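Structural overview for review
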Amino acid sequence: MNIGIVCYPTFGGSGVVATELGKALAQRGHRVHFITYSQPVRLDFFNENLFYHEVYIPPYPLFQFPPYELALASKMVDIVQNEKLDVLHVHYAIPHASAAYMAKQILLTRGIRIPVVTTLHGTDITLVGKDASYEPVVTFSINQSDGVTAVSADLRKETYEYFAIEKDIEVIPNFINLLRFQKQDKAHFKAAIAPNGEKLLVHTSNFRSVKRVEDVVQIFAGVRKQIPAKLLLVGDGPDRPRIEKLCREIGYCDDIRFLGKLEAVEEVLSIADLFLMPSEKESFGLAALEAMACEVPVVSTNAGGIPELNEHGITGMTSEIGDVPDMVKNALFVLEDENLPRFKAAARAHAETFAVENIVPLYEACYQRAIAAA
Ligand code: GMT
């Protein structure tokens, strides 16, 4: 197939999933055209089937808010027509699904039918999309899509709850490249970070309030009071200054390291004993899946789609949102020497069910259905 993928090109989960999907599709022989405003961060290798088309917004003094959606729709029209795409797959409803609808209508006037598949990732529904500023457009553009997918059963349920959706929403969970995400031998790195055999706790996120990074620090403080431990924080975002202040206040500065936006996160995960995800909302929790693939169990909340990934008592433990004492108790339980090996093995085993090879055919089948129906 000749597939157009529209996504945010940033470090966010939706952009990562879209880019990894495009790469996997290209390796399976499809021609994949990325359409976005800058090179996706994970689009980091050459493949003869991969193409990247940049959306350019010409500056004009009148535009206080540059009309990205219009430039994107125009670029979609251009690429669908000239590259003879079979299907457009847009990740994240806002504004990609509505831009795709506009492109589809313009193409119809030129005698071209392009099926559109929309994948819902989470914040486009649970945080941003249901706001009255966007809801009518989100509802309309989801209903106008030829195929709709959500990354977890919980997100599917929430979408039906918040919006008047007439379409079937198929659950296609996120996936993982198990060749990249596997435990690597990084003994030298572990010895440098935890020279006295301290347990290593890791958190990765965009440091937005929904991730509750303060809870990460408080959970760590509770664990650190009981056992020698270190905390590695990967990522960056608006809450980081507040978190740094909190680290100074709780007095464990020497045991907490901020590593910033590391690309090779699997190297850090390879030396980790436990991953913390105390999020308030999480449609799926891709960062936890990456950890599990590297044999790292997860202590998390039971928010959104997380329990579909982190099975309580098996791959880790789950708690109510904000219940820091329970998450401290769970972390100490998982880290006990007699428990840790079984949690690690179960985390990896469950991650294997999300292998890219298992999930990508579901998207191929979804495209085929959308093409047949258009
Ligand atoms: O988590 C974020 O803030 C980023 C966000 C995004 O849109 O990129 O992630 C969402 O999509 C990911 C990929 O499908 C999911 O793994 C995340 O759980 C989801 N985030 C939320 O629902 C908060």
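Residues numbered from 1 in each chain as written. Predicted model: local features only at pLDDT ≥ 70, side-chain atom pairs only at ≥ 80, totals over all residues.

Taking an unreviewed UniProt entry as the reference, the chain is identified by name as Glycoside transferase family protein belonging to Hymenobacter swuensis DY53.

**Focus: the UniProt feature "domain: Glycosyl transferase family" (unreviewed entry) in the chain**
Under the present numbering, the feature "domain: Glycosyl transferase family" (unreviewed entry) in UniProt falls on residues 188–341. Strand forms 19% of residues 188–341 and helix 40%; the C-alpha atoms that close the span are 21 Å apart. (UniProt positions renumbered as here; feature names shortened; annotations may be inferred. Helix = DSSP H or I, 4+ residues; strand = E, 2+ residues; numbered from the N terminus.)

**Quick look at the site of the ligand**
Looking at the ligand, there are 20 residues lining it, with Gly12, Gly13, Ser14, Gly122 and Leu286 nearest. Broken down by secondary-structure element, the contributors of at least two residues to the shell around the ligand are helix H1 (13–27) and helix H4 (123–126). Here the shell around the ligand gets 3 residues from one element, more than from any other, and that element is H1. When the residues that make up the shell around the ligand are grouped by side-chain class, the tally is 6 nonpolar, 11 polar and 3 charged. Counting the residues that make up the shell around the ligand, at least three belong to each of domain 1 (2–174 + 356–373) and domain 2 (187–352). (Near = placed C-beta within 6 Å. Nonpolar A, V, L, I, M, F, W, Y, C, P; charged D, E, K, R; others polar. Domains from an automatic or database assignment.)

**A short note on the sheet that holds strand S7 (residues 169–171)**
Spatially, the 7 strands line up as an open sheet ordered S3-S2-S1-S4-S5-S6-S7, and their pairing is parallel. Edge positions in the sheet fall to strand S3 (50–54) and S7, since each of these pairs with one other strand and no more. Ignoring strand direction, the axes of neighbouring strands in this sheet form an average angle of 25 degrees. In this sheet, S7 lies alongside strand S6 (residues 147–150) in parallel orientation, the contact comprising 3 bridges. Note that in S7 the partner of threonine 149 across the bridge is glutamate 170. Set on the sheet, helix H2 (residues 68–82) makes contact with strand S1 (2–6), strand S2 (31–36), S3 and strand S4 (87–91); between it and S2 the angle comes to about 165 degrees. Across the face of the sheet, helix H15 (residues 356–373) comes into contact with S1, S4, strand S5 (116–120), S6 and S7 while running at roughly 155 degrees to S6. (Pairing = 2+ DSSP bridges. Axes fitted to C-alpha atoms, helices over the stretch in contact; angles between N-to-C directions. Contact = placed C-beta atoms within 7 Å.)

**Focus on the nonpolar core**
Counting 107 residues, the largest nonpolar core has Met76, Val202 and Ala291 as its most contacted members. There are two domains that each give this core at least three residues, and those are domain 1 (2–174 + 356–373) and domain 2 (187–352). (Core = buried A, V, L, I, M, F, W, Y, C linked by C-beta atoms within 7 Å. Buried ≥ 20, exposed ≤ 12 C-beta atoms within 10 Å, placed from the backbone.)

**Focus: unusual backbone geometry**
Isoleucine 94 connects to proline 95 through a cis peptide bond whose omega is -10 degrees. For proline 95, the position within the fold is in helix H3 (residues 93–109). Of note, tyrosine 92 is a non-glycine position whose phi angle comes to about 85 degrees, a positive value. By secondary structure assignment, the location of tyrosine 92 is in the loop between S4 and H3.

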